Every structure is written in C-alpha cells, then in structure tokens.
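Listed here are the chains, written in short residue letters.
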Amino acid sequence: MLVELANYTNAMEAAMVKGLLEAGGIDAVLFDHGMNIADSSGWLVPVRVMVLDEDLDAARALLPVN
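Along each chain, numbering runs from 1 in the same order as the chain's sequence is written. In keeping with the predicted nature of the model, local features appear solely for residues at pLDDT of at least 70, side-chain atom pairs appear and are counted solely at 80 or more, and the whole-chain, interface and lining totals rest on all residues. Calculation of side-chain values draws on the structure's entire complement of heavy atoms; hydrogens and water are dropped beforehand.

Engineer: Quick question: what am I supposed to make of the nonpolar core here?
Structural biologist: The tendency in soluble globular proteins is for nonpolar side chains to be buried side by side. Remark: nonpolar core denotes a set of buried residues (Ala, Val, Leu, Ile, Met, Phe, Trp, Tyr, Cys) joined through side-chain atoms within 4.5 Å. Burial here depends on accessible area, computed with a 1.4 Å probe over protein chains only, as a share of the maximum for the residue type. Under 20% is buried, over 50% is exposed, and the range in between is partly exposed. Ranked by internal contacts, the top residues of the largest apolar core, which has 17 residues, are Leu5, Tyr8, Leu21, Val49 and Val51. Secondary structure elements are taken from DSSP: a helix is a run of H or I of four residues or more, a strand is a run of E of two residues or more, and numbering for both begins at the N terminus. For this core, the secondary-structure elements that each account for two or more residues are β1 (2–8), α1 (11–23), β3 (47–52) and α3 (56–62). By definition, residues are in contact when any of their heavy atoms lie within 4.5 Å. Among residues more than four places away in sequence, those in contact with Leu5 are Leu21, Val49, Val51, Leu56, Ala59, Arg60 and Leu63.

Engineer: Would you mind going over the pairing of β3 with me for this structure?
Structural biologist: In this description, strands pair whenever DSSP reports at least two bridges between them. Direction of pairing for β1 relative to β3: antiparallel, over a ladder of six bridges. Bridged to Asn7 within β3 is Arg48. As paired strands, strand β2 (residues 29–31) and β3 are joined by three bridges and run antiparallel to one another. Note that in β3 the partner of Leu30 across the bridge is Val49.

Engineer: Whenever I open this one, the pattern of salt bridges confuses me. Can you help?
Structural biologist: Where charged atoms from two side chains of opposite charge approach closely, those side chains can pair. Every case where a carboxyl oxygen of Asp or Glu lies within 4 Å of a side-chain nitrogen of Lys or Arg is listed as a salt bridge. Following the criterion strictly, the structure yields two salt bridges and no others. Between Glu22 and Lys18 there is a salt bridge, and its shortest N-O distance comes to 2.8 Å. Placement of the pair is Glu22 and Lys18 together in helix α1, with a separation of four residues, close to one helical turn. For Asp32, the salt bridge is made with Arg48, and the minimal N-O distance between the two is 3.0 Å. Pair noted here: Asp32 is in the loop between β2 and α2 (33–39) and Arg48 is in strand β3, with a separation of 16 residues, a long-range link.

Engineer: Before we go on, may I ask you to explain the sheet that holds β3 in this structure?
Structural biologist: Across a sheet, strands are paired by hydrogen bonds formed along the backbone, either parallel or antiparallel in direction. With respect to topology, three strands assemble into an open sheet ordered β1-β3-β2, the strand pairing being antiparallel. Because the sheet does not close on itself, it has two edges, and the strands there are β1 and β2. Going from strand to strand, the sheet's axes swing by 35° on average, the running direction of each strand aside. Across the sheet, α1 is in contact with β1, β2 and β3; its angle to β3 comes to roughly 15°. Every angle, taken between N-to-C directions, lies between 0 and 180 degrees, and every axis is a line fitted to C-alpha atoms, over only the stretch in contact when it is a helix.

The following block contains the structure:
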C-alpha cells in the first residue's frame, strides 16, 4: 500500500525528493503533480510524495532535515 511520506507546495522540490529516494533504491510516486503545475497553486494542491508502507522508515531516513 502507498503511504504519504511528505507533501510540498513546490513541485520541483517534490521531484527532487523523488529523485533522492530513487537514488537510494526506494521507489516513489508523486500524486497531484499535474494539478500543482497546471494552476501554479501549490499552496492549494500540494504535491504528495508516496512510498510503499514497508519503505516508509527508510525513506524518512533519506530525507534532508530542514
């Protein structure tokens, strides 16, 4: 089952996180990416980074700390 790892108002940031995860061997999918770009409404429709539930802890470990 897919679960939400994080969400971003900036579609480019979400895409970079997806690339980081995939470089670390974790498959990721972006939900609502097209909606975010279509209207430039990231604050309204954030891009969700989704991973498999069994990969959630490993994915969190790869995320940069803000």
